[in-house]
Amino acid sequence: MGFVIGVLTAFAILMIRDSISLMLAAVGEAYAERSGILNLGIEGMIMLGASIGFVVTYKTGNPYLGFISAGLLTGLLGIIMGIFVISIGTQQHVTTLGFTIIGSGLSVYIYRLSIESVGGVPPTVEGFPRIYIPYLTDIPVIGPSIFGQPVAAYVVVLIVLFLHWIMEYTKLGLHIKAVGDNPKAADTLGVNVFMIRYLAIFIAASTAGMAGAWLSTAHSNMFLPNMSMGRGWIAIALVSFGMWNPLKIILGSLLFGGLDALGSVAQTYGRNIPYQFLQSIPFIVTILVLIPIARRAKVPKALLKPYRREEAE
Amino acid sequence: MFKIEVTIKKRSRELPYSGFIIPLSSIIISISISLIILGLYGVDPGKFFKVFTTALISPSSIRYAIPLILSGVGLAVAYKANVWNIGAEGQILAGALVASGLALYYIPPTMPHEAAILLLYIAAFLAGSLTALIPAILKALYNVNEVLSTLMINYIMMQIVNYLVYGPWRGKKEYGYPRTDIFPNNTILPQLEIGGLKTTINIPTLILMIGSAIVIYVILFKTKWGYEIRVYGLSEEAARYGGLEIWKIIILVMVISGGLAGLAGAGEVLGVYKQLIRAERVSAGFGYTAIIVAWLGNLNPLGILLSGYFIGVLVSMGYTLQIFTGVPYGTVNIFTGTLLLTLISLDFLSKYSPVIRVRR
């Protein structure tokens, strides 16, 4: 019995921990897509955020500062991306993929520039403290997983719920959706299409950055090159899976966090299964879930289409 | 309050000499950015240009250009059709994996060298094609976004290769390292010798690379297939209206582009490493860098020969810098990325001009 509870607890803790980075990045990506921009830069932005978050935490000893800097600076990269895809209106697939490549380059560059390598062992940081609520945290299984995570987890949950509220219940949310569906009409009605898209791309980039910081200062406490390990791409899949609705995306993230956790737990307890197989489960499942949803997906109508005010001939 | 209004206007004709000025100014801009980035790291411009000019004539630049150009040419076919194959990384691995498995376990040591190599290339092409066929079918039948499916397959292929080199295929003479044994002699590709010194350039893949660039150029721009691919790429509606069978185009471009990436993978393991090694080292991100190569070459196979060589120079420079200055290799990604971005935005500005008006 003790063994079963141990396994279940490990699973629940990991499921929440894995889903946090996914929900943050995916809800941000939903903002970009709803406003009409496919952000394939997300994977590199997660790497960059992981690097910035780690470096700032390492230098200052303050993980909150690391988290915020990762969000703001990666957001800045998002704004730069906006100059290309929003103002100039370059092809979105290739431009944003270029930002994944730049982000991955910047991540190792910034890390190596700021932190001296000590004999091959990557340095670690203290990271976020875990909360402890008397009685609640002591409940088996759900206690440590729901009431015992690093503080940042609760911040992230608040952020994504707030982003859900903005998207679904405010005028700003309405404007974002309008801009992604019919920018010309929105422009005629006085919505500043460019401003809204810049805002959305900033949100998308900074959430990706914070998701990265979560990986390097809370999920684990070190930075590794390529540490996002495809999470950005899964986040993009989660956006379609959640039908561009933040709340559904959050639920989807929990599901995928569960898959990741299943792999990790099986790796520890089931020694006969090759761990490479377990690690590829989320990617296999992603392809499988894309099949039934692809046909009925309601893609924002202006996705991939740059908006330009063309001069009359 | 002033109000700034930006509109754009299509130029009546492209800026003169843009085909020459745009790539040149992109290179200058990205080199300037590289100088700043490396300067922060303590690498002075003199050293940078020394490493850069050495890389320009180094055979290792051509060695890196081979997989980049082969995959890049393939990707260009897909991108011409507006099919977003991001899966070259996985398709390279598929080619490497199948070539390695055959070389290690199935090709008899008595088989003539030429026959063995021909067989391995064909198998690697098919392996890459099949890997690309899955997302192609999913797109043609169920409208599954190929960006995501090809990306997912990259990670799956990576895990399969790592499973094999850590597990059943791990070499008996490799002291427990995660790699297979060295391939038998009759399956290893001959390497180019310059002045009696062996280089890491393998001749057959080099020839394949040039050959495929020419063949793909002809297919894309001189045949009916190529015409249909380009029509579909420009407008799906036009293709439907013109009665083209779209599913055939999707499958054709994916099979070609996957197959060429598969060849690149075979070239890497049979011609450079002579054994299958960990996935992160076989392809080393070439599948992603090849996307940049394809776009820098303006999706034209002949242009890709040039852009692939130039990126090969950057890759080779990146490895040299890592060894001699400690700048992490990944920094090269910043150069290639900025190069791509400046090129596509300058290309846009050569066709459109922004009109800025300030109104009260």
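Residues numbered from 1 in each chain as written. Chains lettered and ligands numbered in written order. Predicted model: local features only at pLDDT ≥ 70, side-chain atom pairs only at ≥ 80, totals over all residues. Heavy atoms only, no water.

### Thoughts on the overall build of chain B
Part 1: For chain B, the count of helices and strands is 14 helices and four strands.
Part 2: Projected onto its principal axes, the C-alpha coordinates of chain B cover approximately 80 × 60 × 35 Å.
Part 3: Considering chain B as a whole, with its 360 residues, one finds that 55% of them fall into the buried category.
Part 4: In chain B, the share of contacts with a sequence separation of at least 24, taken over all contacts with a separation of at least 6, comes to 77%.
Part 5: With the model as given, the accessible surface of chain B reaches about 15900 Å², and the carbon-plus-sulfur share is 66%.
Part 6: When the 27 basic and 16 acidic side-chain charges of chain B are each reduced to a single mean position, those positions are 7 Å apart. (Helix = DSSP H or I, 4+ residues; strand = E, 2+ residues; numbered from the N terminus. Buried < 20%, exposed > 50% of the residue type's maximum accessible area, 1.4 Å probe, protein only. Contact = heavy atoms within 4.5 Å. Areas by Shrake-Rupley, 256 points an atom, 1.4 Å probe, with all protein chains shown as cover. Lys, Arg positive; Asp, Glu negative; His and termini not counted. Charge placed at Lys NZ, Arg CZ, Asp CG, Glu CD.)

### Digging into the overall build of chain A
Part 1: Scanning chain A for helices and strands turns up 12 helices and zero strands.
Part 2: Secondary structure elements of chain A occur, N-terminal to C-terminal, as α-α-α-α-α-α-α-α-α-α-α-α.
Part 3: C-alpha atoms of chain A, sized along the principal axes, occupy 75 × 45 × 40 Å.
Part 4: A burial count over chain A gives 58% of its 313 residues as buried.
Part 5: Of the contacts made within chain A by residues no fewer than 6 positions apart, 77% connect residues no fewer than 24 positions apart.

### Quick notes on a nonpolar patch on the surface
Part 1: Taken together, the side chains of A:Ile133, A:Leu136, A:Ile139, A:Ile142 and A:Ile146 make up a nonpolar region of the molecular surface, amounting to roughly 350 Å² of accessible area.
Part 2: Among the secondary structure elements, A:Ile139 is positioned in the loop between helix H4 (92-114) and helix H5 (142-147). (Patch = residues over 30% accessible without salt bridge, like charges linked within 9 Å, V, L, I, M, F, W, Y side chains within 5 Å. Salt bridge = Lys/Arg side-chain N within 4 Å of Asp/Glu carboxyl O.)

### What to know about the pattern of salt bridges
Residues and elements named next belong to chain B.
Part 1: Taken as a whole and judged by the stated rule, the model has 10 salt bridges over all chains.
Part 2: Of the charged contacts, one joins Glu228 and Lys224 as a salt bridge, the two residues approaching to 3.2 Å between their closest N and O atoms. Here Glu228 and its partner Lys224 are both found in helix H8 (residues 224-234), four residues apart, which amounts to about one turn of the helix.
Part 3: Since its relative accessible area comes to 62%, Lys224 is described here as exposed.
Part 4: As a salt-bridge pair, Glu245 and Lys248 come within 2.9 Å of each other at their nearest N and O atoms.

### Regarding the packing of aromatic side chains
Residue and element names in this part refer to chain A.
Part 1: Counting across every chain of the model gives 23 aromatic pairs over all chains.
Part 2: Arranged with centres 5.1 Å apart and planes meeting at 90°, the rings of Tyr64 and Phe128 form a pair that is edge-to-face. Here Tyr64 is found in helix H3 (residues 63-88), whereas its partner Phe128 is found in the loop between H4 and H5, with 64 residues between them in sequence.
Part 3: On the accessibility criterion, Tyr64 (37% relative accessible area) is partly exposed.
Part 4: On the accessibility criterion, Phe128 (7% relative accessible area) is buried. (Phe/Tyr/Trp six-rings, centres within 6.5 Å; stacked < 30°, edge-to-face > 60°.)

### Section: the environment of B:Ile249
Residues and elements named next belong to chain B.
Part 1: Structurally, Ile249 can be placed in helix H10 (residues 246-273).
Part 2: A relative accessible area of 4% places Ile249 in the buried class.
Part 3: Setting aside its immediate chain neighbours within four residues, Ile249 contacts Ala81, Glu228, Ile229, Tyr232 and Leu244.

### Some thoughts on the interface of chain B and chain A
Part 1: Listed by partner, the interface residues are 48 residues for chain B and 43 residues for chain A.
Part 2: Summed over the three residues of chain B that lose the most area to chain A, namely B:Met152, B:Tyr155 and B:Gln159, the buried surface amounts to 15% of that side.
Part 3: Counting across the chain B and chain A interface gives zero salt bridges.
Part 4: Where chain B packs against chain A, one counts eight residue pairs in polar contact (both at pLDDT 80 or more).
Part 5: Elements with a minimum of two residues in the side of chain B that touches chain A: strand E1 (3-10), helix H1 (18-40), helix H5 (113-142), helix H6 (146-166), helix H12 (286-296), helix H14 (331-351) and strand E4 (352-359) of chain B.
Part 6: In terms of residue count, H6(B) provides more of the side of chain B that touches chain A than any other element does, 13 residues in total. (Buried area = accessible area lost by both parts, 1.4 Å probe. Polar contact = N/O pair within 3.5 Å; in protein donor to acceptor, adjacent residues only side chain to side chain.)

### Here's the deal with the environment of A:Ile5
Residues and elements named next belong to chain A.
Part 1: Position of Ile5 among the secondary structure elements: in helix H1 (residues 2-34).
Part 2: For the pair Ile5 and Tyr64, spaced 59 residues apart in sequence, the C-alpha to C-alpha distance is 33 Å.
Part 3: Sequence-distant contacts of Ile5, defined by excluding residues within four places in its chain, comprise Pro140 and Val141.

### Things to note about unusual backbone geometry
Residue and element names in this part refer to chain B.
Part 1: One non-glycine residue, Asn143, lies in positive phi territory at about 65°.
Part 2: In this structure, Asn143 sits in the loop between H5 and H6.
Part 3: For Asn143, a relative accessible area of 41% puts it in the partly exposed group.
Part 4: Unusually for a residue other than glycine, Lys274 sits at a positive phi of about 65°.

### Some details on the side chain of A:Thr95
Part 1: When you line up the elements, A:Thr95 lands in helix H4.
Part 2: Apart from residues no more than four positions distant in its own chain, A:Thr95 is found in contact with A:Phe84, A:Val85, A:Thr90, B:Leu341 and B:Ile344.

### Digging into the packing of H12(B) against helix H13 (residues 301-325) of chain B
Residue and element names in this part refer to chain B.
Part 1: Between H12 and H13, the least distance of the axes is 8 Å, while the angle of their chain directions is 135°. On the basis of the axis angle, H12 is oblique to H13. In the packing of H12 onto H13, the handedness of the crossing is right-handed. Counting all contacts with H12, which are made through Phe286, Thr289, Ile292, Val293, Ala294 and Leu296, the residues of H13 involved are Ile304, Ser307, Gly308, Ile311 and Val315.
Part 2: Taken together, the residues that form the contact of H12 with H13 break down as eight nonpolar, three polar and no charged. (Axes fitted to C-alpha atoms, helices over the stretch in contact; angles between N-to-C directions. Parallel < 35°, antiparallel > 145°, perpendicular 65-115°, else oblique. Left-handed = near helix turned anticlockwise from the far one by under 90°. Nonpolar A, V, L, I, M, F, W, Y, C, P; charged D, E, K, R; others polar.)

### A short note on the pairing of strand E3 (residues 197-202) of chain B
Residue and element names in this part refer to chain B.
Part 1: As paired strands, strand E2 (residues 191-194) and E3 are joined by three bridges and run antiparallel to one another. Paired with Glu193 across the strands is Lys198, a residue of E3.
Part 2: Between the antiparallel neighbours E2 and E3 lie two residues, among them Gly195 with a positive phi of about 55°. (Pairing = 2+ DSSP bridges.)

### Remarks on the confidence of the model for chain B
Part 1: Per-residue pLDDT for chain B has a mean of 92; in total, 98% of the residues score no lower than 70.
Part 2: For this predicted complex, the interface confidence reaches an ipTM of 0.93, while the overall pTM sits at 0.95. (pLDDT = per-residue confidence, 0-100.)

### Regarding helix H3 (residues 59-80) of chain B
All names here are of chain B.
Part 1: Taking 1.5 Å as the rise per residue, H3 with 22 residues should run 32 Å; its terminal C-alpha atoms sit 31 Å apart, in good agreement.
Part 2: Most of H3 sits inside the fold, with 18 of its 22 residues counted as buried.
Part 3: Where H3 begins, one side-chain oxygen reaches toward the backbone nitrogen of Ser60, 3.0 Å away; that side chain belongs to Ser58.
Part 4: At the exit of H3 stands Asn82, carrying a positive phi of roughly 60°. (Expected span 1.5 Å × (residues − 1).)

### Digging into the packing of helix H2 (residues 45-57) of chain B against H13(B)
How two helices sit against one another is set out by the angle between their axes and by the gap between those axes.
All names here are of chain B.
Part 1: Where H2 meets H13, the closest approach of the two axes is 8 Å, and the angle between their N-to-C directions is 130°. Taken together, the axis directions place H2 and H13 in an arrangement best described as oblique. Pair H2 / H13 crosses with right-handed handedness. Only Tyr309, Phe310, Val313, Leu314, Ser316, Met317, Thr320, Leu321, Phe324 and Thr325 of H13 make contact with H2, whose side of the interface consists of Lys47, Phe48, Val51, Phe52, Ala55, Leu56 and Ile57.
Part 2: Here the contact of H2 with H13 is built from residues that sort into 13 nonpolar, three polar and one charged.

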